[in-house]
Amino acid sequence: MRSGELFERIVGAVARRPLVPLLAVAVVAIAGALLALRLEPSNGTDSLVSKGSTAFEQTERFKRDFGDDAVVVLVEGDLQRTLLTTDLQRLIQFEGCLGGNAPREVLRTLPEPCRELAELDPAKVVLGPGTFVNTSVEAIGGELTRRLAAAREGGPEAVDKVQRQLMALALRYGITDIPAVDSPSFVSALAFEDDGRTPKAQFSFLLPSDDAALIQMRLKPGLTDSERSRAIDLVREAAAEPTLQPEQGARYVVTGVPVVVDGLGDAVRDAIPWLLAAAILVMAATLAVVFRTRLRLLPLALALAASAITFGVLALAGGNLTMASIAVLPVLIGLAVDYAIQFQARYDEVRARTGAPPAKAAPAAAAAGGPTIVTAGIATAVGFLVLLTSPIPMVRGFGALLVVGIVVALVCMLLAGFALLVRYGTPRQRPDDVPPPLPRLRAAVGAFADGIVGSRTGAGIARGWRELRLRALERGERALAGAITRPGRVLAIALALAIAGWAADTQQTVVSDVRELVPADLQALRDIEALQDETGVSGEIDVVVRANDVTDPKVLAWMADFQQRVLDGAGYRTGARCTQAKSPPDLCPGPSLPEILAAAGGGQRQAKDLIDAMPDYLSQGVVTPDRKTANLAFGIRLQPLEQQQEIVEQIERQLDPPPGVEAAVVGLPVLAADANEQLASPLRRVLTLLAALAAVFLVLLAVRRSLRDATIPLIPIALATGWSGGIMFVLGLLPGPFEVELNPMSVTLGALVIAISTEFSVLLSARYRQERGRGLSPARALEATYASTGAAVMASGATAIAGFAVLAASDIRMLRDFGILTVVDLTVSLLGVMLVLPAALVWAERRRPLEASDPDGRAVVGAHA
């Protein structure tokens, strides 16, 4: 079968019955749109971390034992007034509400959010000051009862001995009252230092300062995104209930990593409709200006249909919306518009050249342009397939979704696109006795348009646009002429700029501080910053310890020593506070067996008794029921991920467990820091670019079966990666709010630049080969190429750039920077390819051996002269 015959047959069948494929694509697109509406932004962090590492497996195992990341409730207010008044009872009720473990008769008296939390049961562990005081009262009271009961059996002397021991303990710990939650003197002796105001240092993970207390609610690891989001909403609702709020001036601030992620998901959800609507309007306006043909908005309609189907496939596959999948939308729309414009331009050429009716012109256009356009699409898709090698699921999802979208876009154009051109591509003559639809509206719009065009302002705008367009065409012609007459010089300059860009790209860093990636006015971000201001920490790194018995004295001694060494190395000093403004420590102690041991006065027996006395929902925050796994928690501050990676490495260097004991650093900060290190690696970025270039080359070689024809289009593609790197480096040097930096999304831009540049380069080089095959000289062939395919490439490129520009208006910094960088990169790639490709083609022609069959041998010889 000759080249293009398959496309001619497919479109020929479409042309015979255009309504059938048109309706079929429309139905599938509508179904896809309805399915896509069910997609929810992912509120989980799984898409940001690598799942193939040992750290990930250890973290998942840790979550099963101790729960997922904690929702933290900051109780902000004077600690004495919170703990030494009736507010303590409200605190106990609130913590019981969060844990969902209140007795049934008590639960009926609690507000509705508490009953919903009990039904949803999202909490694995709840740890807070109210529970701590209440548990201490029960444990001490139970121990007193046990000892006195045992003493009574031994007679008066035994009772007297026990009483003296209890008195000594009371004096030692300052306990002057019967243990009770409503006893201010007991609670004060339990929680505060001798001054009665400063909370005891060993309880800093619950009482970090004299103005704050912490409630930690570790979520169950198996919750879905919707269940996690609902749990957070219920915690907020419970915190707002008047019957649970403190009466002495304290307030609840609901925060923590899950809350920040949920807040970011809400921000993304709110941004999607506006970004989509803006992108559609901007791209429609751009097409109306740059694509001068009938049905000029047809490419955008087809692109939207392809996008709807693609995201419908994502919904059927059980996927969610992540930052990356949202960024797929303008990329996919831009590519789909490009394919549609190229096919439509071929159709218009055939119609203008032959005057054939639509049903004949459509198959001819598909035969002429189909092989080249589909080859460009395949090469582009293969370039994106390289992203599947990324260790980050979000990046892999970005690449996979785009590959699916490219296939869908090509199918939509071949079926629905040509069906629309055949059915509606030629204006139909309306009978004289049939009035036009909506005559009054058409007349009003026409009068309004005539008024604008006829006004002084309208005439000035039209005149300015014509002058701008003429100047652009004139400069484009001069640039093309320069590339043809001095191809070596153009290539040398382009190569020098690319080398400089590649060198600059190795000096770039990836922004990984969450505070610089999310909207600055995000309430969840403000709340977690308030948490850090009050406590000195905002998150947690965990060290999981496994042994036959973690309460063994040797294991406990090692854990205590290890914890102290880590804290010392992080700048923490015993008795200090993590809230110090000057040189705060990198890590602070969190809930752990050593901390419980210190609070109990030391010794294995006390630790075991305290653990045994704890309710299960509380003890499982630090040790599993079988006593084989323990958790050492460290508080960590908000900071860039590269700094977190340094802290993780410092902890790992301290890991020296004794024989029979296993220990590993786990948690989201560990995974995120590891993923960031892989994303930010210049070597990985370079290898990704080389792999993408190699993949595109192999596709072109397989299709064109010529080393020369596969290599020449690759020259501007490869150079474009260097120009892109240089531009991104310069943008990162801009001051203040103008600075645009790499982030976990924009590190994919290298593959994106290759993919888009491939599209432009393959289409132009293929058209050049066709024009040369018709006998035109290199200069005339390039002029013909740029007058036809070049104009279509410029139209599609301008439309794609306009679509990406919409992202620059997002208040989500990650999307904003991604949009700006993509606009700049696509502009540089488009203009660079349009300029460098002609130079590469002419340069290659001059070095090709002259053959008798050369259709223009004299032109090539003349070029040497």
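For clarity, every value in this text was computed on a predicted model and none was experimentally measured.

Here we look at the overall build of the chain
Turning to step 1, where the next piece is worked out: Each helix and strand counted, the chain has 33 helices and eight strands in total.
Turning to step 2, where the next piece is worked out: Per-residue burial for the chain yields a buried fraction of 54% across its 865 residues.
Turning to step 3, where the next piece is worked out: Within the chain, contacts between residues separated by at least 24 positions form 79% of all contacts whose residues are at least 6 apart in sequence.

What about the sheet that holds strand β5 (residues 539-546)?
Turning to step 1, where the next piece is worked out: Taken together, the four strands give an open sheet; going across it, the order is β6-β7-β5-β8, and neighbouring strands pair in antiparallel fashion. Sheet topology places β6 (587-592) and β8 (662-666) at the edges, where each strand pairs with a single neighbour. Across the sheet, the axes of successive neighbouring strands diverge by a mean angle of 25 degrees, strand direction being ignored.
Turning to step 2, where the next piece is worked out: Bridge analysis of β6 against strand β7 (residues 629-636) gives four bridges, and the strand direction is antiparallel. Across the sheet, residue Pro589 finds its bridge partner in β7, namely Phe634.

A few points about the sheet that holds strand β4 (residues 251-255)
The strands that make up a sheet pair up through hydrogen bonds in the backbone, lying either parallel or antiparallel.
Turning to step 1, where the next piece is worked out: Here four strands make up an open sheet; going across it, the order is β2-β3-β1-β4 and the pairing antiparallel. Edge positions in the sheet fall to β2 (123-127) and β4, since each of these pairs with one other strand and no more. Across the sheet, the mean angle separating the axes of adjacent strands is 20 degrees when strand polarity is ignored.
Turning to step 2, where the next piece is worked out: Contacts from helix α12 (residues 257-290) reach β1 (70-76), β3 (212-219) and β4, with the element oriented near 105 degrees to β1.

Things to note about helix α7 (residues 112-120)
Turning to step 1, where the next piece is worked out: Of all the positions in α7, only Pro113, Cys114 and Leu117 are classed as buried. For α7, the angular spread of buried residues about the axis comes to 100 degrees, placing them on one side.
Turning to step 2, where the next piece is worked out: In this fold, the buried residues of α7 make contact with α5 (87-99), α6 (104-107), β3 and α11 (225-240).
Turning to step 3, where the next piece is worked out: Note on α7: the residue one or two positions beyond its end, Asp121, has a positive phi of about 50 degrees.

Topic: the nonpolar core
One broad trend across soluble globular proteins is that nonpolar side chains are buried collectively.
Turning to step 1, where the next piece is worked out: Within the largest apolar cluster, 201 residues are counted, with the highest numbers of intra-cluster contacts made by Leu83, Phe94, Leu98, Met217, Phe384, Phe398 and Phe418.
Turning to step 2, where the next piece is worked out: With 19 residues, the single largest contributor to this core is helix α16 (residues 393-424).
Turning to step 3, where the next piece is worked out: Residue contacts for Phe94: discarding those within four places in its chain leaves Val73, Ile215, Ala238, Ala239, Leu244 and Tyr252.
Turning to step 4, where the next piece is worked out: Ile541, Leu567, Val622 and Ile647 belong to the second-largest nonpolar core, a separate cluster that totals 31 residues.

A short note on a negative patch on the surface
Turning to step 1, where the next piece is worked out: On the surface, Asp586, Glu642, Glu646, Glu649, Glu652 and Glu677 cluster together into a patch of negative charge.
Turning to step 2, where the next piece is worked out: The element that contributes the greatest number of residues to the negative patch is helix α25 (residues 641-654), accounting for four residues.
Turning to step 3, where the next piece is worked out: Within the element layout of this structure, Asp586 appears in the loop between α21 (553-569) and β6.
Turning to step 4, where the next piece is worked out: For Asp586, a relative accessible area of 31% translates into the label partly exposed.

Quick look at the packing of α12 against helix α31 (residues 778-805)
Turning to step 1, where the next piece is worked out: Remark: α12 packs on α31, axes separated minimally by 8 Å, with the N-to-C direction vectors making an angle of 155 degrees. As judged from the angle between their axes, α12 and α31 are roughly antiparallel. Two packed elements cross with a definite hand, and for α12 against α31 that hand is right-handed. Packed against α12, whose contacting residues are Ala279, Val282, Met283, Thr286, Leu287 and Val290, the element α31 presents Ala795, Ala798, Thr799, Ala800, Ala802 and Gly803 at the interface.
Turning to step 2, where the next piece is worked out: Its residues placed into classes, the contact of α12 with α31 shows nine nonpolar, three polar and no charged.

Here's the deal with the pattern of salt bridges
Turning to step 1, where the next piece is worked out: What the rule picks out here adds up to 24 salt bridges.
Turning to step 2, where the next piece is worked out: For Arg565, the salt bridge goes to Asp656, with nearest N and O atoms at 3.0 Å. Of this pair, Arg565 sits in helix α21 while Asp656 sits in the loop between α25 and β8, and the two are 91 residues apart along the sequence.
Turning to step 3, where the next piece is worked out: Through salt bridges that share partners, Glu349, Arg767, Glu771 and Arg774 make up one connected network.

Some thoughts on the pairing of β7
Turning to step 1, where the next piece is worked out: In terms of burial, β7 is largely enclosed, as eight of its eight residues are buried.
Turning to step 2, where the next piece is worked out: With eight bridges joining them, β5 and β7 adopt antiparallel strand pairing. Bridge pairing in β7 links Asp542 to Ala633.

As for the packing of helix α19 (residues 487-505) against helix α32 (residues 813-846)
Turning to step 1, where the next piece is worked out: Look at α19 against α32: their axes get within 8 Å of each other, and the N-to-C directions meet at 130 degrees. Between α19 and α32, the angle is such that the two are oblique. Both α19 and α32 take part in a crossing whose hand is left-handed. Contacts between α19 and α32 involve Pro487, Gly488, Val490, Leu491 and Ala494 from the first element and Leu835, Val836, Ala839, Ala840, Val842, Trp843 and Arg846 from the second.
Turning to step 2, where the next piece is worked out: Broken down by class, the residue content of the contact of α19 with α32 amounts to ten nonpolar, one polar and one charged.

Here's the deal with the packing of aromatic side chains
In this description, an aromatic ring pair is defined by two values, namely the gap between the centres and the angle between the planes.
Turning to step 1, where the next piece is worked out: Under the defined criterion, the tally for this structure stands at four aromatic pairs.
Turning to step 2, where the next piece is worked out: On the numbers, 5.2 Å between centres and 40 degrees between planes, the contact of Phe62 with Phe66 is tilted. With Phe62 and Phe66 both in helix α3 (residues 54-66) and four residues apart, this pair spans about one turn of that helix. For the pair shown, Phe62 and Phe66 are each scored as buried.
Turning to step 3, where the next piece is worked out: Ring geometry for Phe343 and Phe418: centres 5.4 Å apart, planes at 75 degrees, overall edge-to-face. With Phe343 in helix α14 (residues 323-354) and Phe418 in helix α16, this residue pair connects regions lying 75 residues apart in the sequence.

Observations regarding the environment of Gly100
Turning to step 1, where the next piece is worked out: Counting through the fold element by element, Gly100 comes out in the loop between α5 and α6.
Turning to step 2, where the next piece is worked out: For Gly100, a relative accessible area of 24% puts it in the partly exposed group.

Some points on unusual backbone geometry
Turning to step 1, where the next piece is worked out: With a phi angle near 60 degrees, Arg627 is a residue other than glycine that sits in the positive phi range.
Turning to step 2, where the next piece is worked out: Residue position: Arg627 is located in the loop between α24 (616-619) and β7.
Turning to step 3, where the next piece is worked out: Its identity as a non-glycine residue notwithstanding, Arg705 has a phi of 55 degrees, on the positive side.
Turning to step 4, where the next piece is worked out: Structurally, Arg705 can be placed in the loop between α27 (682-704) and α28 (707-711).
Turning to step 5, where the next piece is worked out: Relative accessible area serves as the criterion here: at 74%, Arg705 is assigned to the exposed category.

Considerations on the state of the cysteines
Turning to step 1, where the next piece is worked out: All chains considered together, the criterion is met by one disulfide.
Turning to step 2, where the next piece is worked out: At a sulfur-sulfur separation of 2.1 Å, the disulfide partner of Cys97 is Cys114. Its torsion about the S-S bond being -100 degrees, the disulfide of Cys97 and Cys114 is classed as left-handed. With Cys97 in helix α5 and Cys114 in helix α7, this pair connects stretches of sequence that are 17 residues apart.
Turning to step 3, where the next piece is worked out: What makes Cys97 buried here is its relative accessible area of 1%.

How each quantity is defined
Residues numbered from 1 in each chain as written. Predicted model: local features only at pLDDT ≥ 70, side-chain atom pairs only at ≥ 80, totals over all residues. Heavy atoms only, no water. Helix = DSSP H or I, 4+ residues; strand = E, 2+ residues; numbered from the N terminus. Buried < 20%, exposed > 50% of the residue type's maximum accessible area, 1.4 Å probe, protein only. Contact = heavy atoms within 4.5 Å. Pairing = 2+ DSSP bridges. Axes fitted to C-alpha atoms, helices over the stretch in contact; angles between N-to-C directions. Arc of directions from axis to C-beta. Core = buried A, V, L, I, M, F, W, Y, C linked by side-chain atoms within 4.5 Å. Patch = residues over 30% accessible without salt bridge, like charges linked within 9 Å, V, L, I, M, F, W, Y side chains within 5 Å. Areas by Shrake-Rupley, 256 points an atom, 1.4 Å probe, with all protein chains shown as cover. Salt bridge = Lys/Arg side-chain N within 4 Å of Asp/Glu carboxyl O. Lys, Arg positive; Asp, Glu negative; His and termini not counted. Charge placed at Lys NZ, Arg CZ, Asp CG, Glu CD. Parallel < 35°, antiparallel > 145°, perpendicular 65-115°, else oblique. Left-handed = near helix turned anticlockwise from the far one by under 90°. Nonpolar A, V, L, I, M, F, W, Y, C, P; charged D, E, K, R; others polar. Phe/Tyr/Trp six-rings, centres within 6.5 Å; stacked < 30°, edge-to-face > 60°. Disulfide = S-S within 2.5 Å.

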